[in-house]
Amino acid sequence: EPEVTQTPSHQVTQMGQEVILRCVPISNHLYFYWYRQILGQKVEFLVSFYNNEISEKSEIFDDQFSVERPDGSNFTLKIRSTKLEDSAMYFCASSETQVNEQYFGPGTRLTVT
Amino acid sequence: KQEVTQIPAALSVPEGENLVLNCSFTDSAIYNLQWFRQDPGKGLTSLLLIQSSQREQTSGRLNASLDKSSGRSTLYIAASQPGDSATYLCAVFTGNNFNKFYFGSGTKLNVKP
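Residues numbered from 1 in each chain as written. Chains lettered and ligands numbered in written order. Predicted model: local features only at pLDDT ≥ 70, side-chain atom pairs only at ≥ 80, totals over all residues. Heavy atoms only, no water.

Engineer: Explanation requested: the interface of chain B and chain A in the structure shown.
Structural biologist: Interfaces are often described in size by the accessible area the parts lose on coming together. Each partner contributes to the interface: chain B provides 24 residues, whereas chain A provides 21 residues. On the chain B side of the interface with chain A, the three residues burying the most area are Asn99(B), Lys100(B) and Phe103(B), jointly 29% of the side's total. In this structure, the connection of chain B to chain A is made through 1 salt bridge. Lys100(B) serves as the salt-bridge partner of Glu59(A), at 4.0 Å between the closest nitrogen and oxygen. (Contact = heavy atoms within 4.5 Å. Buried area = accessible area lost by both parts, 1.4 Å probe. Salt bridge = Lys/Arg side-chain N within 4 Å of Asp/Glu carboxyl O.)

Engineer: Looking at this structure, I do not really get the pattern of salt bridges. What am I missing?
Structural biologist: It is possible for side chains of opposite charge to pair when their charged atoms get near one another. Under the counting rule described, the total for this entry stands at 4 salt bridges over all chains. We note a salt bridge from Arg36(A) to Glu44(A), for which the minimum N-O separation is 3.0 Å. You can call Glu44(A) partly exposed: its relative accessible area is 23%. In this structure, the salt-bridge partner of Arg37(B) is Asp39(B), at a minimum N-O distance of 3.1 Å. Residue classification places Arg37(B) among the buried residues on the basis of a relative accessible area of 17%. (Buried < 20%, exposed > 50% of the residue type's maximum accessible area, 1.4 Å probe, protein only.)

Engineer: Looking at this model, I keep getting lost on the pairing of strand β6 (residues 56–59) of chain B. Mind explaining?
Structural biologist: Side-chain direction in a regular strand flips from residue to residue, so the side chains alternate between the two faces of the sheet. Residues and elements named next belong to chain B. Bridge count between β6 and strand β7 (residues 62–67): 4 bridges; the pairing is antiparallel. Directly across from Ser59, in β7, lies its bridge partner Leu62. Where β6 folds back on β7, the antiparallel hairpin that results is connected by 2 residues, among which Gly60 adopts a positive phi of roughly 60 degrees. (Pairing = 2+ DSSP bridges. Helix = DSSP H or I, 4+ residues; strand = E, 2+ residues; numbered from the N terminus.)

Okay, structure coming up:
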């Protein structure tokens, strides 16, 4: 069964460094999403992406964040200058259409020291 | 802003019991509602998706209902098993362009053998 994959599974970085989290959505899906979950808290929406542009973004998704679909398969989330409070599990998701269910990847645990 | 609440926060039941998990949302202008399962340290597994025009969806021992006008959804689990132990999350697809996904904080279920 097709699945969303994410790399790396765990990323440790120092405050102020740039990180890129990678996702490979399901191949025939057209809508892509990033979420984060700080330990012990709710899953929070970050951004949705369709047709090579951002459809919607949350208040969390400030200028430090960017997303890109550099080729036909990858979908990336870049954090330019990481802060301690960026430490969280980051989930990528994709869906075939806007009304279909979203499929989530296993997540990347980002630890900022 | 959409607020999603799940009650109870935690539930412990003996194996074989039927149970109901509750989800409520403040803005009834939703596109759909999705129930997920999250195992510790893992990603989210989609269980059921209910479109805003639907009243319920069933998959195996799971049945989810939606009352959009009152802002409520329930997830019914029949004949619970220890393998059902996980955190159950509901999320609603909403926003001006229905591009934002808001999650509840989840119900942590423990099914005792």
